[in-house]
Each structure stands twice: as C-alpha cells, then as structure tokens.
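Coordinate analysis (summary)
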Amino acid sequence: MSAPLPEQGYNFAYLDEGTKRMIRRAILKAIAIPGYQVPFASREMPMPYGWGTGGVQVTAAVLGRSDVLKVIDQGADDTTNAVSIRRFFGRTAGVATTTRTTEATVIQTRHRIPETPLREGQILVYQVPIPEPLRFLEPRETETRQLHALAEYGLIHVKLYEDIARHGHIATTYAYPVEVAGRYVMDPSPTPKFDNPKMDDCPALQLFGAGREKRIYAVPPYTRVRSLDFEDHPFRVQRFDRPCALCGAEGVYLDEVVLDDRGGRMFVCSDTDHCEGRRAEGFTGEQAA
Amino acid sequence: MALRPGFRDPVHDAQAVFRAAMEALSRPGFVRALPTDLAPPEPLTAELAALALALCDADTPIWLDAPLARSAEVAAYLRFHAGAPITATPESAAFALIVDAAACPAFTAFAQGTPDYPDGSATLILALDHLTEEDGLAFTGPGINGRVRFDAGPLPADWSARLAANHALFPCGLDILLTAPGRMTGLPRSARVLEPAEA
C-alpha cells in the first residue's frame, strides 16, 4: 500500500481543538476514577456508529506527531475496519503507522488485546459498543448510574449464577465483566474473555471509547483487573486443543477458518502480527504453505 | 500593557502538554518533564500557564489563588488565550491554579463530585519550588507499580492528612497536578498515601 497523502483542510487528527480538549478532560477524569464511565460530548465522525467512532475520537485526542499508530480488528491488521482507520489517521494526522505491536505507541483495537505483551508508555484504545456492563440487566441509565454509585453489583453476579444454573459453568465468553481496582465493575468491550487476564497489572495505559453511547473510561497501568467469578466456579479462559496451523503457536487465541464445503477447517492465530512475526522467525504449523 | 503570547503552535504544544498531564495522572507520583517555552505574566508560572492553556476553555471556570487573583494581567492572559471564565468561588471551579501552595485552601472548598457523577470534581494545579523523586511521602494505588515516593514543597503542614481524607472520598475527590520548573507529577484521587509504618 502506498503512503496515503495528507488531507488538506482538516485540523491535525481531524477533530477541532475544542473537541479534543473536551475529550482530553474526560480522559483525565477516567484515569483518575478507574473503571468509571465518564460522559462526553461524542461527535459525529465520518464513519457509521459501530465502526469505532468512540475509539477514533479517543485516538484523535491523544495522538501526537511522533506517535506510531497500529489499528487492529479482531486481532487482524488487514481487515476493512483496521485498514480504513489506519488510513484515516495517515491522511488527517500524517502519523506513522505500523502493524508491529512492538513498534506502536498507540494501538486502537476492536475486540482483541495483542498477544505480544504491551510495555510502559504504550496506549491501548478500545472501541466499545455498549460500555455499561449492567445495561442488559437494567435498561434505565438512571438506575445503572445509582447501582455504580452504590457499588451494588449483585445483579451481575446473578447473571453469572444463572449461567451456571443453566449450563453448569459460566457460559459468558466475551464482554466478560471485570472489577477494576476493587471498585467499579466494567465492560472490557467484546474482547474474548481469553484476553481478560492481559488487562490485569498491564504496564500500558488502556482507554475505552464508546461513540454512540458517549462514554470514555480507562484502566491506568499497573491496575488490578479482576474477572468476576465464584469461589466454586473460578474464572477460566478457554483452551485450544491444537496449535496455530500456520505458526504452531500455543496458548494464543485462534480463529477458525472454513476451508471448503466438506467440513475442512483450520485454526490460525487471531493476532496476525504475532503469527507473521513467528513465521518470520522460522516457526511453522502443520498447514503452513 | 502588552498581552504575552500563548502557545507558539497551539495544536502540537497543547497535545504535548496534555500527554504529559495524562501520563502524570496515569503514573501517579512519577516525576516527569513538562517542557514549555511560555512566558506568562507574573506570578503565573510557565507550567501552570501551559496546563491551563492545554486543558481549559469556555466550559471550565478557573479559580485563581490570592497572588494570581491580584494580577489583572494573569486574568486577562487566561481569558484571552484559554477563553475560560475566571470564578471567585472555588466550589464552582473546574480547575484551580495555585501558586502559593503552602496556603492552598481546604480541599472541601472545591467541588468534590457526587456518587452518581464523581467526574464533577475540580482539578487543582499547584506551582511548587521543588519536586524530586527522593524521599518524601509514599503512595500506592492504580498506576503505581508497588509504591512510589516523591518529595515536593512548599505544601501545607497537614498535606498528608488532606490527601488521606481526599482518597477516603473515592470515587469522589479532587485530582491534583503538581508542577515545579520544567517538571510535573500527578496525584489522582485514586492514589493512597501510605502511613509512615507502611512506607
């Protein structure tokens, strides 16, 4: 892909300075109150809701000239959403972009946390569709706000308990609720619960932006993030019974790829950068070409 | 009286100052550089001016402490470059700029936020003479890998007790940005000051 030309006539990173200041103030509050959803005056963005308008606004507010931006969509750098957001900032901010997790200073993500451990100074920006973990249990904003104020999270434990009563185990596999710094219960966005342990004590700053719902929240570095569970049903992540078919990686999150109409399928790394990096180092899986 | 200039590059200077403030609050107690070439009217310091210009606008009333409030030039500078209203009542301020930190008003004078909207609280921005990572009070909390220590002054004699009371209000409470020439650190309400026995 050739480097996109910088767009003329827009402010750096698209948003006007007044909007950036408003978003920046919301980010500072979000960091000071880990897990609390700060309301903000979300703007219309040149992309539809559901395509990352919240994440894009947070990224635009933090981005500087010297940043290196990576954008992933379900772990992949090369899908439509990731490519178009990367091009958007390439054109409106002229920042350097990368697909390498290690080279990036700002990573915008839709529903995965990179397999490569993040380091201090990196910023992970999540795109969030429904920021309120209690929303499907209590539709009224006035009520959920009060439940958070009172730290009254019985409802969400009942939901997890109903999973156990019905399925014999906690059947929630994504958007798995977490407790941040011992206080607020937070929706980690629809990441697979496989990624939840990566949020705990992470050296990178994690910012969450929900555009349609107009909320920003944050997890500072080195913060305790505990997935809700019960003593007799402790939190567990799913395991895969085979390694990545391309790079042979184990202990990573795999995507199922259907190969034909006769039941043929393969399982490959969801994190394309991690998979490519391993293959470049000479690791191969059983179906590597 | 000629108005002093604001940011040379409003977009990128404001972004750099915001990033410093964001890192200061996300890594409490970690002293970091806050470079700025602003030359605001006395007694406003360059660091306070940089943070005010980066974060404040028409939506954020600013409260000025006594030495700043005595200077008409300071108010004019902030009104012109930030467009922010100057308020005389601390409880209505979103940001408080304080150059005489030893005489910092009681934290209870400022908006604390409410349990429903803890983000409705004020942010204090203090100008200090010294800010170093050697000895001083120890803190723990979100953003702190284990514990952190820094020394700052001059500050009120009951500073430690004020911070403890502020943290006890969590999720309400004030967030504090501490500056000294060329450097800054942050103390969000989530930071807990350690007792001497714990430290």
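Above this text is the structure in question.
This structure is a prediction, so every number in the text was calculated from the model and none was measured. All residue numbers refer to position in the chain's written sequence, counted from 1. Going through the entries in the order they are written, you letter the chains from A and number the ligands from 1. At least 70 in pLDDT is required for a residue's local features to be given in this predicted model, at least 80 for side-chain atom pairs to be given and counted, and no such filter applies to totals for whole chains, interfaces and linings, which use all residues. By convention in this description, side-chain values take in all heavy atoms of the structure and omit both hydrogens and water.

**Observations concerning the overall build of chain A**
Rules: Note on conventions: DSSP H or I runs of at least 4 residues are helices, E runs of at least 2 residues are strands, and numbering of each starts at the N terminus. Here the radius of gyration uses the C-alpha set of atoms, whereas the globule reference equals 2.2 Å times the residue count to the power 0.38. Whether two residues touch is decided by their heavy atoms; if any such pair falls within 4.5 Å, the residues are in contact. Each accessible area value is a Shrake-Rupley result obtained with a 1.4 Å probe; residue values ignore everything except the protein chains displayed when judging cover. When charges are counted, Lys and Arg are positive and Asp and Glu negative, with His and the chain ends excluded. All charge positions are set by atom: Lys at NZ, Arg at CZ, Asp at CG, Glu at CD.
Looking only at helices and strands, chain A features seven helices and 12 strands. Computed over C-alpha atoms, the radius of gyration of chain A comes to 19 Å, within 12% of the 19 Å expected from 2.2 N^0.38 for 289 residues, which places it in the range of a compact globule. For chain A, restricting intrachain contacts to residue pairs at least 6 apart in sequence, the fraction spanning at least 24 positions comes to 62%. Entry remark: accessible area of chain A is about 12700 Å², with carbon and sulfur atoms responsible for 50%. When the 35 positive and 38 negative side-chain charges of chain A are each reduced to one mean point, those points stand 5 Å apart.

**Topic: unusual backbone geometry**
Cis peptide bonds are those with omega within 30 degrees of zero, and the linkage from E42(B) to P43(B) qualifies with 0°. Residue placement: P43(B) occurs in the loop between β1 (32–33) and α2 (46–55). Each neighbour pair has its own omega, and for F170(B) with P171(B) the value is 10°, a cis peptide bond. Although it is not a glycine, Q74(A) sits at a positive phi angle of roughly 55°. Here Q74(A) is to be found in the loop between β2 (68–73) and α3 (80–92). Non-glycine residue D135(B) carries a positive phi angle of around 30°. Within the secondary structure, D135(B) sits in strand β6 (residues 130–140).

**Here's the deal with α3(A)**
All names here are of chain A. Threshold: The span you would expect from a helix comes to 1.5 Å times its residue count less one. Here the term buried applies to any residue with accessible area under 20% of the maximum for its type, exposed to any over 50%, and partly exposed to those in between, with areas from a 1.4 Å probe on protein chains only.
The end-to-end C-alpha distance of α3, which contains 13 residues, comes to 18 Å, matching closely the 18 Å that a straight helix rising 1.5 Å per residue would cover. For α3, every residue scored as buried is listed here: N81, A82, I85, R86, F88, F89, G90 and T92. Looking at the buried residues of α3, the elements they touch are α2 (53–62), β2, β3 (96–97), β4 (106–110) and β5 (123–127).

**Re the interface of chain A and chain B**
Using the following cut-off: Once two parts are brought into contact, the accessible area they lose, counted with a 1.4 Å probe and summed over both, makes up the buried area. Put simply, a salt bridge is a Lys or Arg side-chain nitrogen that is within 4 Å of an Asp or Glu carboxyl oxygen. We call two N or O atoms a polar contact when they sit within 3.5 Å, provided that within protein one can donate a hydrogen and the other can accept it, with sequence-adjacent residues counted only if both atoms are side-chain atoms. Side-chain classes follow a simple rule in which Ala, Val, Leu, Ile, Met, Phe, Trp, Tyr, Cys and Pro form the nonpolar group, Asp, Glu, Lys and Arg form the charged group, and the remainder, Gly included, forms the polar group.
Across the boundary between the two partners, chain A contributes 39 residues, which contact 40 residues of chain B. On the chain A side of the interface with chain B, the three residues burying the most area are R25(A), L28(A) and K29(A), jointly 20% of the side's total. Inspection of the chain A/chain B interface yields six salt bridges. With a closest N to O distance of 3.3 Å, E120(A) and R27(B) form a salt bridge. The interface formed by chain A and chain B contains 14 residue pairs in polar contact (both at pLDDT 80 or more). Mapped onto the side of chain A that touches chain B, the elements with two or more residues apiece are α1 (17–32), β1 (38–39), α2, α4 (141–149) and β8 (205–210) of chain A. When its residues are assigned to classes, the side of chain A that touches chain B shows 23 nonpolar, five polar and 11 charged.

**Focus: the sheet that holds strand β6 (residues 178–180) of chain A**
The strands that make up a sheet are held in pairs by hydrogen bonds between backbone atoms, and each pair lies either parallel or antiparallel. All names here are of chain A. The condition is simple: Between any two strands, pairing holds if DSSP finds at least two bridges. Angles shown run from 0 to 180 degrees and are taken between the N-to-C directions of axes, each axis being a line fitted to C-alpha atoms and, for helices, limited to the stretch in contact.
As summarised here, the arrangement of the three strands in space is β7-β6-β10, forming an open sheet in which the pairing is antiparallel. Two strands close off the open sheet at either side, each with one partner strand: β7 (184–186) and β10 (225–227). The average angle at which neighbouring strand axes cross in this sheet is 35°, direction not considered. Note that β6 and β10 share three bridges and pair antiparallel.

**Digging into the packing of α1(A) against α2(B)**
How we decide: Note that the term roughly parallel is reserved for angles under 35 degrees, roughly antiparallel for angles over 145, roughly perpendicular for angles of 65 to 115, and oblique for everything else.
Where α1(A) contacts α2(B), the axes come no closer than 9 Å and their chain directions differ by 110°. With respect to their mutual orientation, α1(A) and α2(B) come out roughly perpendicular. Residues R21(A), R25(A) and L28(A) of α1(A) lie in contact with α2(B), whose contacting residues are L53(B), A54(B) and L55(B). For the contact of α1(A) with α2(B), the class distribution of residues is four nonpolar, no polar and two charged.

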